[in-house]
Amino acid sequence: MDYHQILNMGEIDSRYGLKAIYVAFIHILLLGHVSSLLVDTRYENSELEESAGYYVSSSRMGNRFADLDQMEEDAWTMVQKSGNQFIVNGQPFYVNGFNTYWLMVFAVDQSTRGKVSEVFQQASAVGLSVCRTWAFNDGQWRALQTSPSVYDEDVFKALDFVVSEAHRYKIRLILSLVNNWEAYGGKSQYVKWGKAAGLNLTSDDDFFSHPTLKSYYKAHVHTVLNRVNTITNITYKDDPTIFAWELMNEPRCESDPSGDKLQAWIEEMAVYVKSIDPKHLVEIGLEGFYGPSTPNKVQYNPNTYAQQVGTDFIRNHQVLGVDFASVHIYPDSWISQSISDAHVEFTKSWMQAHIDDAENFLSMPVVFSEFGVSTKDPGYNATYRDTLISTVYKTLLNSTRKGGSGGGSLLWQLFPEGTDYMDDGYAVVLSKSSSTSNIISLQSTRLKTFNSLCSWRCRWGCKRKHALENFHYHDEL
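Bear in mind the structure is a predicted one, so any value in this text is a computation, not a measurement.

K.L.:
Which parts of the structure should I look at to understand the packing of helix α10 (residues 211-225) against helix α11 (residues 260-276)?
P.N.:
When two helices pack together, their arrangement is given by the angle between the helix axes and by the axis-to-axis distance. With their axes 10 Å apart at the nearest point, α10 and α11 run at an angle of 30 degrees to one another. As judged from the angle between their axes, α10 and α11 are roughly parallel. Viewed along their axes, α10 and α11 form a crossing whose handedness is right-handed. Residues K214, Y217, K218, V221, H222 and L225 of α10 touch α11, and the partners they reach there are W265, E268, M269, Y272, V273 and I276. Each residue belonging to the contact of α10 with α11 can be placed in one class, and the counts come to eight nonpolar, one polar and three charged.

Listed below in structure tokens is the structure:
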């Protein structure tokens, strides 16, 4: 058996964890393939042991297994940020994740609650480690917040279940706190509440500037972050299951193309979230459009309209309290609905521009927190979807191998079977999409291998110009 077989997804399922990966690499060492995988062939055995921390005696293997057991037991700590990388227990944490926005609503009803467990189980089986979902539903059917600061306890208990079930499957959550769009209430619902209270409001964008509406939002933030989970008895702001707080899903403020109004809101709210919860990471939820502060960058935008929606990628992310950048990728919405090779080329340049800016200007990780393609697009086929997903993953791996700012990606969106009626066209049902499932699983294995290699207390670290430059896993894994 060669190392290609050893590291084949059929041989190492991502759910088996660090020990399976370690065993695979021990086999690689014994087969003599380590030089082609990890280091230059000019390394001698003694140099290899010193550089990589490997030694294949049975006693050392036993010690390694003990170390890995302890690592897995201790691993459930807060995700943090160090420079342009996410870290857990001081080691890198590159993300392969997904979106499933409706988890809380499904968890309310016992007849659909099982779908929450199902999607976590399926995600875990292909190694997905982070899920982005809504911690809001304002004034709608099954609303969490029925009116300002008034909550439906049954819906809050449903969110408790989502958090506890994510922990069960070792999946961390990015929880978004309000929507820019009308779905699930959004900023328009806050404006409706304000008008009902007698406020003189003329635009949904008053959400970003009116003191009363800002106080409504802050009250919601305060309530969610201080929620004590009725299942785990852990306060949300203390729970490592939560990867990060997202201020808003896809904020835009089209009434102020200068970006000043949205910038002021981000500055106020990022600091407010941190004042309640300094432990967790915070991100904005932006789509990634370049704005007035960087006229030399607007060439990367998908269209000219993108620079007029009041967002400004670099300026917005330089705010105190914002820990990492978010970017979305929707060429079929932004460029043209019909599938074309131009969409793939845009994806590459869009991603690379943001990875470079996150590294060179922001000194923070960037997560491509929504990307996908709709089955409703003219010319859609499964092969194209796989190509787009592979393009996103490969671009991130090019950053990962250098210890760069490409922190990870979150597929939009993962569905279990029997939820087709919720599908917006972008749903991926793993059991019906074997090729897509294999691509996702391979990416998970690559990132988990990278993270675990760096966790073996070796000298490699994850720095550029280090031994991992010679780790050719794009081809070898």
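Next comes the rest of the write-up.
K.L.:
Help me understand helix α7 (residues 110-125), please; the structure alone is not making it clear to me.
P.N.:
Across its 16 residues, α7 extends 24 Å between first and last C-alpha, which sits within 8% of the 22 Å expected from 1.5 Å per residue. For α7, the complete set of buried residues consists of T112, R113, V116, S117, V119, F120, Q122, A123 and A125. Against the buried residues of α7 lie β4 (95-99), α6 (103-108), β5 (130-134), α8 (153-168) and β8 (172-176). The N-terminus of α7 is capped by D109, whose side-chain oxygen sits 2.8 Å from the backbone nitrogen of S111.

K.L.:
Hey, could you run me through the confidence of the model for the chain in this one?
P.N.:
Any region with low pLDDT has predicted coordinates that should not be read closely. Predicted confidence across the chain gives a mean pLDDT of 85, with 79% of residues reaching 70 or more. By mean pLDDT, the top-scoring element of the chain is β8 (99), and the lowest-scoring one is helix α4 (residues 45-52) (31).

K.L.:
How should I be thinking about the sheet that holds strand β1 (residues 80-82) in this particular structure?
P.N.:
Spatially, β1-β2-β3 is the arrangement adopted by the three strands of the open sheet, whose pairing is antiparallel. In this open sheet, the two edge strands, each paired with only one partner strand, are β1 and β3 (91-92). Strand direction decides the pairing type here: β1 and strand β2 (residues 85-88), joined by three bridges, are antiparallel. Residue pairing in the sheet places S82 in a bridge with Q85 of β2.

Criteria and cut-off values
- For every chain, the first residue of the written sequence is number 1, and numbering continues from 1 onward in sequence order.
- Local features in this predicted model are restricted to residues of pLDDT 70 or higher, and side-chain atom pairs are both shown and tallied only at a pLDDT of 80 or more, whereas totals for entire chains, interfaces and linings draw on every residue.
- Just so you know, side-chain values use all the structure's heavy atoms and leave hydrogens and water out.
- Under this scheme, a helix contributes an axis fitted over its contacting stretch, all axes are lines through C-alpha atoms, and angles between N-to-C directions fall in the 0 to 180 degree range.
- Numbering of helices and strands runs from the N terminus; a helix is a DSSP stretch of H or I covering at least four residues, while a strand is a stretch of E covering at least two.
- Oblique is the label for every angle not falling under 35 degrees (roughly parallel), over 145 degrees (roughly antiparallel), or within 65 to 115 degrees (roughly perpendicular).
- Left-handed describes a crossing whose near helix is turned anticlockwise from the far helix through less than a right angle; right-handed describes the clockwise counterpart.
- Note on contacts: a residue pair is in contact if any heavy atoms of the two residues lie within 4.5 Å.
- Asp, Glu, Lys and Arg are counted as charged, while Ala, Val, Leu, Ile, Met, Phe, Trp, Tyr, Cys and Pro are counted as nonpolar; the rest, among them Gly, fall into the polar class.
- One less than the number of residues in a helix, times 1.5 Å, gives the span that helix is expected to have.
- The classification of residues rests on relative accessible area computed with a 1.4 Å probe and restricted to protein chains. Under 20% of the type maximum is buried, over 50% is exposed, and intermediate values are partly exposed.
- Residues adjacent in sequence count toward polar contacts only when both atoms are side-chain atoms; beyond that, a polar contact is any pair of N or O atoms within 3.5 Å, and within protein one must be able to donate a hydrogen and the other to accept it.
- Values of pLDDT, ranging from 0 to 100, describe the predictor's confidence in every residue of the model.
- Strands are labelled as partners when DSSP assigns at least two bridges between them.

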